[in-house]
Amino acid sequence: MSPNTLLAYKKWAKDYDTHPNPHILVEHQDFVKLTDPQKNEKILDAGCGTGKYTEEFYRAGSDVIGIDFCPEMLEIAKRKNPQIEFLKHNINRGFPFKASRFDKITCGQTLKHIRSLNPVLAEFYRILKPGGKLIFSVTHPEINFEGFEMKYRPNFFLAEESKIYHHKFTDYFNAFDYSGFLIDRIKQVPVNRTIKHLLTDRSYRILKGRYEVIIFRLLKPKLRSL
Ligand SMILES: C[S@@+](CC[C@H](N)C(=O)[O-])C[C@H]1O[C@@H](n2cnc3c(N)ncnc32)[C@H](O)[C@@H]1O
């Protein structure tokens, strides 16, 4: 059977918080730092999963909404944080939000499941306020898994079960141009201590310092540039 992203996350949902996504562990600190959530800021967390980032932004005092297309992931997110608004929505479709609603949009490790970046980024642009920021992370386009060896074989491999699009740097840059975003910051995040316990000692020695994730922070300019 061909990989199906929705089915993959339905399957992973119940274990997602106890068998965490290694990319999220690696990027977490930098992702939150680059998002810099502020009190009363309106944030959309797109592809929120079980709501890890959503919860963190809520705790910082932001007015946050989480969206995801997987009901099983959302159910866990809602159970943990019933006070936060979570909506089921496929980000390949137009968002049910009016223009210029959000100060920030975050999208952690989700755009790799999206075939056409242009329409999604154009929608993010539409619902951000002028001066607003989009912070998103993906697997690093030049990732090299050679030498990657886990201590224990997990019973779930996202790469095998879901559909992942390996967008190149030019694909991202073209989508930024198409939608009107300007690059504000780029942070490449290497394999680091946060996943040391998951890898064999040999593998960690080989991989340490090799780029695993990239985080883009994009700006919707106050005046649309040429
Ligand atoms: C790798 S997980 C990341 C979850 C979360 N951002 C985190 O920090 O743990 C990717 C999430 O994107 C969601 N997703 C994938 N494709 C989607 C789509 N087309 N629309 C909405 N959500 C999607 C999945 O259901 C999953 O929860």
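Above: the structure in question.
Below you will find a few notes about this structure. Because the structure is predicted, anything quoted here is derived from the model rather than measured.

Attention shifts here to helix H1 (residues 5-12). Regarding H1, the residues found buried are Ala8, Tyr9 and Trp12. Down the axis of H1, the sector holding all buried residues measures 90°, keeping them to one side.

Right, let's get into unusual backbone geometry. We note that Asp36 has phi near 50°; this positive angle belongs to a residue other than glycine. For Asp36, the position within the fold is in the loop between helix H2 (22-35) and strand E1 (42-46). The exposure class of Asp36 is partly exposed, given the 13 C-beta atoms found within 10 Å. With phi around 55°, Ser100 is a residue other than glycine that occupies positive phi space. On the secondary structure map, Ser100 appears in the loop between strand E3 (85-88) and strand E4 (102-108). Here Ser100 falls in the partly exposed class, since 14 other C-beta atoms lie within 10 Å of it.

Near the ligand you find 20 residues, and of these Gly47, Gly49, Phe69, Cys70 and Gly108 are the closest. Taken together, the elements giving at least two residues each to the shell around the ligand come down to H1 and helix H3 (52-59). Of the residues in the shell around the ligand, the class split is 8 nonpolar, 10 polar and 2 charged.

Our focus in this paragraph is the sheet that holds E3. Taken together, the 7 strands give an open sheet; going across it, the order is E3-E2-E1-E4-E5-E7-E6, and neighbouring strands pair in mixed fashion. Looking at strand neighbours, the two that pair on one side only are E3 and strand E6 (182-190), the edges of this open sheet. Here the average twist between neighbouring strands, direction ignored, is 15°. Inspection of the sheet shows E1 paired to strand E2 (residues 63-68) by 5 bridges, in the parallel sense. The partner of Asp45 across the bridge, within E2, is Gly66. Lying on the sheet, helix H4 (residues 71-80) is in contact with E2 and E3; it crosses E3 at an angle near 170°.

Those residues of helix H5 (residues 117-127) that fall on the buried side of the exposure criterion are Val120, Leu121, Phe124, Tyr125 and Ile127. In this fold, the buried residues of H5 make contact with E4, strand E5 (128-139) and helix H7 (169-179).

Structurally, Arg101 can be placed in the loop between E3 and E4. Sequence separation between Arg101 and Glu146 is 45 residues, and the spatial gap between their C-alpha atoms is 43 Å.

Burial of E2 is extensive: 5 of the 6 residues sit out of reach of the surface. Of the crossover connections in this fold, the one passing from E1 over H3 to the parallel E2 is right-handed. Judged from the 4 bridges that link them, E2 and E3 form a sheet pairing that is parallel. Among the inter-strand pairings, Gly66 is bridged to a residue of E3, identified as Phe86. This β-α-β element, E2 to H4 to E3, shows right-handed connectivity.

Another point: the nonpolar core. Counting residues in each nonpolar core, the largest one holds 52 residues, and the members touching the most others are Ile105, Phe124, Leu134 and Ile215. If near-sequence neighbours (up to four positions away) are discounted, Leu134 is found in contact with Ile105, Phe124, Leu128, Phe181 and Leu218.

Moving on to the pairing of strand E7 (residues 211-219). By the criterion of burial, E7 is predominantly enclosed, with 7 of the 9 residues buried. Strand direction decides the pairing type here: E5 and E7, joined by 7 bridges, are antiparallel. The residue bridging Val138 from the neighbouring strand is Ile214, located in E7. By the bridge criterion, 8 bridges tie E6 to E7 in an arrangement that is antiparallel. The residue bridging Val189 from the neighbouring strand is Val213, located in E7.

Parameters and conventions
- Residues numbered from 1 in each chain as written.
- Predicted model: local features only at pLDDT ≥ 70, side-chain atom pairs only at ≥ 80, totals over all residues.
- Buried ≥ 20, exposed ≤ 12 C-beta atoms within 10 Å, placed from the backbone.
- Helix = DSSP H or I, 4+ residues; strand = E, 2+ residues; numbered from the N terminus.
- Arc of directions from axis to C-beta.
- Near = placed C-beta within 6 Å.
- Nonpolar A, V, L, I, M, F, W, Y, C, P; charged D, E, K, R; others polar.
- Pairing = 2+ DSSP bridges.
- Axes fitted to C-alpha atoms, helices over the stretch in contact; angles between N-to-C directions.
- Contact = placed C-beta atoms within 7 Å.
- Right-handed = clockwise from strand over helix to strand, strands pointing away.
- Core = buried A, V, L, I, M, F, W, Y, C linked by C-beta atoms within 7 Å.

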